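Take a look at the letters that make up each chain.
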Amino acid sequence: MSPALAAFLRPSPFALKFATKGVLAMALALYAAFFFDLDRPYWALISAAFLQTRPMSGMVVEKGICQVTGTFVGTCVAVVIMGCFAQVPELALGSVTLWIGLCIYGASLTHNNLSYGCVMAAVACMIIVVLTSSAPDDFFSVALARLSELSLGALCAVVVSALVWPIRVRDHLGQLADTAVNATFRYMALAFSMPLEADRAGSQDTAGQSQAHSQDQQRERMAMLEQMMTGLDALNNLEIDAHSARYEGPQGKGRIRGVHLLTRRSMRLYATLKALHQLRHPEFFVPSQGDDGEAMAPTGELNQTQTQRQEAERFSQPTQDLMQRLGAAFQSMADNQGTAQARKTLKELRGECLRLSRGQRSITALEARLLFSLREVLGHALVILQAREVINHPGRHQLRQPSMSWHRDHGRAAIDALRAMAIFSATAIFWLATAWDNGAVAMLLGTLFSGIFVSRGDPAPIIPMVLKGLLLAVPSVLLFGNVMLSHAQHFVPFVIIFSIPLFLGLMGSVVPALAGIALPFVVFNILLVMPDNGMTFDVAYTLNRSLAAGIGLIVTIIGFRLIPVPGAGWDKRQLIRATASDIRELAERSTERLDSWFGGRMGDRLLRLARHEQSRSREQEARRSGENASGQLDDAQQQVLGMPLLTLGLTGMDIGRGIGFVRRELGNDVPRPVQHALRELIHALADDYQRCARGESPTRMRAAGDRLCEVIEQHRTMSRHKQALLAGWLTRVQLTLQSDALRQQRS
């Protein structure tokens, strides 16, 4: 049975509860609007419907507050506009256009429900000005009615969400935290358990099973990519949803701090682990191409990969055995070993790393750095377990964890604002030229959807789904809204008849494949029926409004086609440029909050890059069946498995953290030559980081790193052991940048 049929013929208990809560909230809002004799009760309905898309109590409260606040701000702006240009509709609409652009610009730069509040500020101002442009005397009554209707719908949604089958944000956050931690531990288990390429290749060659070796390598890549994306997706949802926990009691702020701690430490762990894994397994990030008909890599690229393999083979056997033990330990933790036992195991392994680094006399600088990084990984894992405990039981722990700094792309925000202004201007000119009564519907939908979709990576494929929802809503409205509702004489039969298509739409919206059609189906049923005290059951009027809604959606589609959302290439350039700028700034900032500042700014960037990798993966899955007849992945899928965008972000995080380590070890009282050499190294790292993002090999950091090591040794500002760690880190970063540059060439 297809998912569409199963959603209606065999709905899940959650789908039935979700649809029931939504219908109850809308029915309560409609009854209250009729009771208070509001002008347009359907706005209370729409308000309740939008708030029920995420039915968790805290999220409904937060979204309701943002909706009411945005509506109030938009109403105040409408008062100013009508006070100045009530007699000149063209200037009033021009002012509304500028206000819409400003609101959409703000929605692009904000996150969570704040973005929704910005959109509501634009919609409220537009509705009030358009509805009162022909009758300025009714302005204040219309503005007060809009604010009252939307506030009433929000209040009804909050009441129903809190009293009927309440779903708490805290339970949702706990499930996401478990998913993120378990996926991270499974990724670590796979990374540490993977044998070295030289050992595996030798055993496979003796058995004559090179084909099986290649397939095993591909399956390992697939498994690791799946676990990393699962963990990053859970972290992304945690950061988006965590802020709503503050509306579920005094412990909500503790959960928010736990989420920030979990996200930051997980990002640091992924960055460190990626560098270690790339050092041991360069073929994982730069897939070698064999003799099965595919082209071989250039000689220079093979030399770089061979050099990295030789470096990996320098690790002693005790170190390799320790990493195998780490892989088994993390797999056991991912299988719900228990927090107390997991902490004990991690502390024992951390002590083993320390004993191993002190017990080997002939250890190389690279291996010393690897053992130091292993201790860092285990330390991050301990903090991750603590963060999960804080999310589930915030009263037992006290944290002072600042929130993440969000990446703000002002260029993309300006493009989104320009598109929204163009869409509204086109519909406004059409409305003024035709004097069409229902032209305001086209203006409303163009403004609403051009604002709601700004947070999506590529909304162009979604808007046609909204158009399908409209096409399905038209026959539903003709049947239920014009034929059956005309026979309802009282409120109860009216609500029962009107709720049938709403219930079906909400029930289908639970299925991800139907959500883009089902939710617009619900909204258009409300907009086209427009239940109020003086409604008429006119088929021609319904079709007229349907045509206006279709025109608004078509103009929106054209707007997104003519002014498209910047793609992954734009985001990559912006994120890389911002990361390199932050790396350079590490030379000037104080050492006290260096890690928190840089880690907070990098967290959101890594999540954005992870989302791009997920979209790339979905595109490849949609285009291809997964594997060809020989069982080999094609070139495009190999590029996805190489994670070229995400690896760049993780490399930037690792570079920033390494610079923080060097600056802390040197201290504040640094001789001028050491300070100058360190600044040169930091700028060289930033330049080479941008070079590797363009697919070019690093050229500056090796000389700058050697110069810093010489100056430190001359002035003795760092111990011998720390100098060895510094040299090992520089070698590791050099190899990482070379491998990332090669990955960018391939992608």
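Because the structure is a prediction, the values reported are computed rather than measured.

1. Remarks on the overall build of the chain
For the chain, the count of helices and strands is 29 helices and zero strands. Across the 747 residues of the chain, 57% fall into the buried class. Counting contacts in the chain only where the partners sit at least 6 residues apart, residues at least 24 apart contribute 82% of the total. For the chain, the exposed area adds up to about 30,800 Å²; of that, 57% sits on carbon and sulfur atoms.

2. Topic: the packing of aromatic side chains
Under the criterion given, the structure shown has 14 aromatic pairs. Where Phe192 meets Phe330, the ring centres are 6.2 Å apart and the plane angle is 15°; that geometry is what we call stacked. With a gap of 138 residues between them, Phe192 in helix α8 (residues 169–193) and Phe330 in helix α14 (residues 317–334) connect regions that are remote in the sequence. An aromatic cluster is built from Tyr31, Phe34, Phe35, Phe36, Phe491, Phe494 and Phe498, whose rings are joined through pairwise contacts. Sitting above the plane of the Tyr116 ring, Lys63 keeps its charged end 4.7 Å from the centroid.

3. A closer look at α14
Spanning 18 residues, α14 covers 26 Å between terminal C-alpha atoms, matching the ideal 26 Å at 1.5 Å per step. Buried within α14 we find Thr319, Gln320, Leu322, Met323, Leu326, Gly327, Ala329, Phe330, Met333 and Ala334.

4. Some words on the nonpolar core
In globular proteins that are soluble, nonpolar side chains generally tend to be buried together. By size, the foremost hydrophobic cluster in this structure holds 109 residues, and its most contacted members are Phe185, Phe192, Leu235, Leu262, Phe330, Leu374 and Tyr689. The biggest single contributor to this core is helix α16 (residues 365–392), with 14 residues. Residues in contact with Tyr689, not counting those within four places in the same chain, are Ile576, Thr579, Ala580, Ile583, Leu648, Gly649, Thr651, Gly652, Ile655 and Leu737. Within the second largest apolar cluster, 103 residues are counted, among which are Tyr42, Ala92, Met530 and Phe560.

5. Examining helix α28 (residues 701–715)
Each full turn of the α-helix corresponds to 3.6 residues, which orients residues three or four apart in the same direction. Compared with the 21 Å implied by 1.5 Å per residue over 15 residues, the 21 Å span of α28 between its first and last C-alpha is a close match. For α28, the set of buried residues is Met701, Ala704, Gly705, Leu708, Val711 and Ile712. With its buried residues spanning 130° around the axis, α28 presents them on a single face. Exposed residues lying more than 90 degrees from the buried face of α28 are Arg702, Ala703 and Gln714. Buried residues along α28 sit against α26 (644–666), α27 (672–693) and α29 (720–746).

6. Observations regarding the packing of helix α19 (residues 462–484) against helix α22 (residues 539–562)
Remark: α19 packs on α22, axes separated minimally by 10 Å, with the N-to-C direction vectors making an angle of 175°. It follows that α19 is roughly antiparallel to α22 by the angle criterion. The residues of α22 that touch α19, namely those facing Ile463, Pro464, Val466, Leu467, Leu470, Val474, Val477, Leu478 and Asn482, are Val539, Thr542, Leu543, Ser546, Ala549, Gly550, Leu553, Thr556, Ile557 and Phe560. For the contact of α19 with α22, the class distribution of residues is 14 nonpolar, five polar and no charged.

7. Considerations on the pattern of salt bridges
Under the criterion given, the structure shown has 15 salt bridges. With a shortest N-O distance of 3.6 Å, Arg657 and Glu376 are connected by a salt bridge. With Arg657 in helix α26 and Glu376 in helix α16, this residue pair connects regions lying 281 residues apart in the sequence. In this pair, the class of Arg657 matches that of Glu376, namely buried. With its nearest N and O atoms 3.4 Å apart, the salt bridge here joins Arg679 to Glu588. Of this pair, Arg679 sits in helix α27 while Glu588 sits in the loop between α23 (568–585) and α24 (594–623); the two residues are 91 residues apart in sequence, bridging distant segments of the chain. Taking relative accessible area as the criterion, Arg679 reaches 29% and is therefore assigned partly exposed. A residue is classified by how much of its surface remains accessible, and Glu588, at 55% relative accessible area, is exposed. What emerges from the salt-bridge pattern is a single network uniting Arg584, Asp687 and Arg700.

8. Looking at the side chain of Arg545
Position of Arg545 among the secondary structure elements: in helix α22. Looking at Arg545, the relative accessible area reads 8%, which means it is buried. If we ignore the near neighbours within four places in the chain, the residues touching Arg545 are Asn438, Val441, Leu527, Leu528 and Met530.

9. Quick word on the packing of α27 against α29
Where α27 contacts α29, the axes come no closer than 8 Å and their chain directions differ by 25°. It follows that α27 is roughly parallel to α29 by the angle criterion. On α29, the residues that touch Leu681, Leu685, Asp688, Tyr689, Cys692 and Ala693 of α27 are Trp729, Leu730, Val733, Leu737, Asp740, Ala741 and Gln744. Among the residues making up the contact of α27 with α29, the classes are represented as ten nonpolar, one polar and two charged.

10. A few points about the confidence of the model for the chain
Of all residues in the chain, 84% have pLDDT values of 70 or greater, and the mean over the chain is 80. When the criterion is pLDDT under 50, residues 200–204 qualifies, and its contacts beyond four places in sequence or with other chains add up to ten contacts. The low-confidence segment residues 625–641, where pLDDT is below 50, has 40 contacts with residues more than four positions distant or belonging to other chains.

11. Regarding the environment of Tyr187
Mapped onto the elements of the fold, Tyr187 is located in helix α8. For the pair Tyr187 and Glu226, spaced 39 residues apart in sequence, the C-alpha separation works out to 8.6 Å. Those residues in contact with Tyr187 that sit more than four places away from it in its chain are Met224, Gln227, Met228, Tyr270 and Leu273.

12. Re unusual backbone geometry
Trans is the prevailing form of peptide bonds, just as negative phi is the prevailing case for residues other than glycine. Located in the positive-phi region is Asp37, a residue other than glycine, with phi close to 55°. Within the fold, Asp37 resides in the loop between α2 (13–35) and α3 (41–51).

13. Quick notes on the environment of Phe424
Relative to the elements of secondary structure, Phe424 occurs in helix α17 (residues 410–434). The class for Phe424 is buried, based on a relative accessible area of 1%. Here the alpha-carbon distance between Phe424 and Met126, two residues 298 residues apart in the chain, equals 9.5 Å. For Phe424, the contacting residues outside a window of four places in its chain are Leu93, Val96, Thr97, Ile100, Met126, Met443 and Thr447.

Here is what the cut-offs are and how they apply
Residues numbered from 1 in each chain as written. Predicted model: local features only at pLDDT ≥ 70, side-chain atom pairs only at ≥ 80, totals over all residues. Heavy atoms only, no water. Helix = DSSP H or I, 4+ residues; strand = E, 2+ residues; numbered from the N terminus. Buried < 20%, exposed > 50% of the residue type's maximum accessible area, 1.4 Å probe, protein only. Contact = heavy atoms within 4.5 Å. Areas by Shrake-Rupley, 256 points an atom, 1.4 Å probe, with all protein chains shown as cover. Phe/Tyr/Trp six-rings, centres within 6.5 Å; stacked < 30°, edge-to-face > 60°. Lys NZ or Arg CZ within 6 Å of the ring centre and 35° of its normal. Expected span 1.5 Å × (residues − 1). Core = buried A, V, L, I, M, F, W, Y, C linked by side-chain atoms within 4.5 Å. Arc of directions from axis to C-beta. Axes fitted to C-alpha atoms, helices over the stretch in contact; angles between N-to-C directions. Parallel < 35°, antiparallel > 145°, perpendicular 65-115°, else oblique. Nonpolar A, V, L, I, M, F, W, Y, C, P; charged D, E, K, R; others polar. Salt bridge = Lys/Arg side-chain N within 4 Å of Asp/Glu carboxyl O. pLDDT = per-residue confidence, 0-100.

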